[in-house]
Amino acid sequence: MLFAYLAVFCGVILLLIWSSQSLLLNRIYSRIMLSRMDAAAGDLATICDSERAQRGAEVIAVNYQVGIAVFDLTDTGLGSRLLWAGGEGGSVLSRLTNAEYAELYAAASVSGSVTRTYSDRFDFAPSEVGGTLRPPLSITADAHRIVRVRLMETPSGNQIVVFLDAAMMPVGSAAGALQVEILLLSIVLVVGALCLAYVMSRRVVAPITRLTEKAGRLAGGHYDVSFAEESSYREIGELSATLDYAAGELSKVDGLQKELIANISHDLRTPLTMIIGYGEIMRDIEGENKPENVQVIIDEAKRLSGLVNDILQLSRYQAGCETLDISSFNLAEELQHTAASYGQMLEGRGFHFFVQVPGALPVTADRLRVQQVINNLVSNAVNYAGDSREIMLIGKQLADGYLRVEVVDHGEGIPPDKLADIWQRYYKVDAQHKRSVIGSGLGLSIVRGILELHHARYGVESRLGEGSRFWFELPPKQ
Ligand code: ADP
């Protein structure tokens, strides 16, 4: 393919050279000839009045390599011949009859000048003029001679007619030499194109073919394929790096999907087992139909419904079809309210919630969703609080107007290399899935979805064994 392109390119270039050579060369050559003859005619007109005009004409004939015949004009037409130079030998001028001179003059007098081309073979067969045999011209068969006739005025105002004759060397012979040159050039170009195609196919096409083949393997689910390519072309290097990155990401997503299925099925199975177990106990064992047991079934069913809701919500965020219901509310109140309800819920388990907020923190945002963010962060803090069981909720206004919320725990913390990943869908620092104390387990990805919809800043600072500080900052006006 590459070679075909290069071949077409060479062909077009050669065609251009050929056509320009055959079309333009002739024209340029005759232009040059004509202007040379006009220059000679001009020179002749200037010297014509002087006494040494004949000598001057001979010099001009030699310099310009033309035959010269200059006539003066009478009322009836051509007068006497004033100057004559270089007109012997092969010149047409010595072979024209008076009638032909008169005819040329007549033609020139219409427009001021006339140009004729004579070919040796056809126009000047040996002929007898005035008793002497004129020899045929001795120039090469396909050479031409051109005769240019110009009406001029000498400096003293005399009207003269200048006949000039020059050999038009056949452009064909020069073109012949050029054709050989072009042929050689064509061969060089074709060989060059072949070499170039070979080099390019080795250095560009081959790596791309390899990359395509590897991409096919990647599409088939082989995420371990390596795209690394040794190439001096930056673009190919970049392409292979991008494909490597894509392969890495795909394998991550694949891993996460598998993990998701494992986690979700675990999360679904646990409450279902409990519901079935408790249901069977209540059906089969007399006296077990107690409100506590019914409550367990209700709790587990709620947990299931929460999980399903979270999965649906997350898929909506991912599809990008969620809109916000913006209103103004007091963020400080929200924090206090969350702390109070968690405090009540976890009363017997030794959790302490501290809230640090100014009196009012007015914010415009989607209230329910911001509540959900705070809930998810607090529920994570509870789940990963470890033995410390102290959780702090901080709310404040920053200098740039943003409203910052922090949820701080003194629990197990997150390893530094995992910090970036925890916002990923279904990511768990601990590969061993443990049943959340509260919440469904997709918490941080939902938090991230909501905060990004709000154009909020968010992040986490954490140290292993010392605890974590999850924070987000809502912009002043939505
Ligand atoms: P889940 O808590 O159900 O695993 P999340 O998306 O809420 O799901 O959190 C993702 C991961 O981030 C958790 O598995 C946990 O490893 C880590 N994580 C989240 N919050 C905390 C926290 N406060 N302390 C320590 N680790 C946390």
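These notes cover the structure that comes with them.

About the criteria used
- Every chain begins its residue count from 1, and numbering advances along the sequence as written.
- The predicted origin of the model limits local features to residues at a pLDDT of at least 70 and limits the giving and counting of side-chain atom pairs to 80 or more, whereas totals for whole chains, interfaces and linings rest on all residues.
- Remark: hydrogens and water are excluded; side-chain values derive from all non-hydrogen atoms of the structure.
- Here an axis means a line fitted to C-alpha atoms, over the contact stretch when the element is a helix, while the angle between two N-to-C directions is reported on a 0 to 180 degree scale.
- A run of H or I in DSSP becomes a helix once it reaches four residues, and a run of E becomes a strand once it reaches two; helices and strands are each numbered from the N terminus.
- Put simply, angles under 35 degrees are roughly parallel, angles over 145 are roughly antiparallel, angles from 65 to 115 are roughly perpendicular, and the rest are oblique.
- Handedness of each helix crossing follows the sense of rotation of the near helix against the far helix: counterclockwise by less than a right angle gives left-handed, clockwise gives right-handed.
- Contacts are assigned to residue pairs that have any heavy atoms within 4.5 Å of one another.
- As a working rule, the residues Ala, Val, Leu, Ile, Met, Phe, Trp, Tyr, Cys and Pro are called nonpolar, Asp, Glu, Lys and Arg charged, and the rest polar, with Gly in that last group.
- Pairing of aromatic rings covers Phe, Tyr and Trp, the last through its six-membered ring, and needs centres within 6.5 Å; plane angles under 30 degrees mean stacked, over 60 mean edge-to-face, and all others mean tilted.
- Relative accessibility decides the category of a residue: with a 1.4 Å probe and only protein chains considered, values under 20% of the type maximum give buried, values over 50% give exposed, and everything between is partly exposed.
- Lysine NZ or arginine CZ positioned within 6 Å of the ring centre and within 35 degrees of the ring normal marks a charge as sitting over the ring.
- The criterion is simple. A nonpolar core is a set of buried Ala, Val, Leu, Ile, Met, Phe, Trp, Tyr and Cys residues joined through side-chain atoms within 4.5 Å.
- Only protein atoms enter the calculation, which uses a 1 Å grid: trapped sets of points that fit a 1.4 Å probe without letting it out are cavities, open sets showing protein on both sides within 12 Å along at least five of seven lines are pockets, and any residue with an atom within 4 Å of a point is a lining residue.
- Grid points are joined across faces, edges and corners, and a volume is the space filled by probe spheres set on the points.

## What to know about the packing of helix 7 (residues 291-319) against helix 10 (residues 443-453)
Here comes step 1: The N-to-C vectors of helix 7 and helix 10 enclose an angle of 40 degrees; their axes lie 10 Å apart at closest approach. By the angle class used here, helix 7 and helix 10 are oblique. Here helix 7 runs over helix 10; the crossing is left-handed. Of the residues in helix 10, those touching helix 7 at Asp310, Gln313, Leu314 and Tyr317 are Ser445, Ile446, Gly449, Ile450 and Leu453.
Here comes step 2: Looking at the contact of helix 7 with helix 10 residue by residue, the classes come out as 5 nonpolar, 3 polar and 1 charged.

## As for the packing of aromatic side chains
Here comes step 1: Scanning the model with the defined rule gives 7 aromatic pairs in all.
Here comes step 2: Pairing Trp423 with Phe470 gives two aromatic rings, centres 5.9 Å apart and planes at 70 degrees, and the pair type is edge-to-face. One end of the pair, Trp423, is in the loop between strand 12 (403-409) and helix 10; the other, Phe470, is in strand 14 (residues 467-474), and 47 residues separate them in sequence.
Here comes step 3: Accessibility expressed as a relative area gives 9% for Trp423, which makes it buried.
Here comes step 4: These aromatic residues form a ring-pair network of at least three members: Phe71, Tyr101 and Phe163.
Here comes step 5: Above the ring of Trp84, the side-chain terminus of Arg81 is found at 4.0 Å from the ring centroid.
Here comes step 6: One residue, Arg457, lies across the ring of Tyr402, its end atom 3.6 Å from the ring centre.

## Focus: unusual backbone geometry
Here comes step 1: A positive phi angle, close to 60 degrees, is found at Arg389, a residue other than glycine.
Here comes step 2: You can see Arg389 is positioned in the loop between helix 9 (367-383) and strand 11 (390-397).
Here comes step 3: The phi dihedral of His455 is positive, around 55 degrees, even though this residue is not glycine.
Here comes step 4: By the secondary structure assignment, His455 is in the loop between helix 10 and strand 13 (457-463).
Here comes step 5: The exposure class of His455 is exposed, given its relative accessible area of 63%.

## A word on the nonpolar core
Here comes step 1: Formed by 41 residues in total, the largest nonpolar core has its most connected members in Leu331 and Phe353.
Here comes step 2: Contributions of two or more residues to this core are made by helix 7, helix 8 (331-345), strand 10 (362-366), helix 9, strand 11, strand 12, helix 10 and strand 14.
Here comes step 3: Broken down by element, this core gets its largest block of residues, 7 residues, from helix 9.
Here comes step 4: Sequence-distant contacts of Phe353, defined by excluding residues within four places in its chain, comprise Ala339, Tyr342, Gly343, Leu346, Val378, Val382, Ile391 and Leu393.

## Remarks on the layout of surface pockets
Here comes step 1: Of the volumes computed, that of the second largest pocket is approximately 250 Å³.
Here comes step 2: Taken together, 15 residues line the second largest pocket, and the ones lying closest to its centre are Tyr317, Gln318, Ser445, Arg448 and Gly449.
Here comes step 3: Secondary structure elements with two or more residues in the lining of the second largest pocket: helix 7 and helix 10.
Here comes step 4: Counting residues per element, the lining of the second largest pocket draws most heavily on helix 10, which supplies 5 residues.
Here comes step 5: Of the residues assigned to the lining of the second largest pocket, the class counts are 5 nonpolar, 5 polar and 5 charged.

Coordinates in, geometry out; function isn't part of it.
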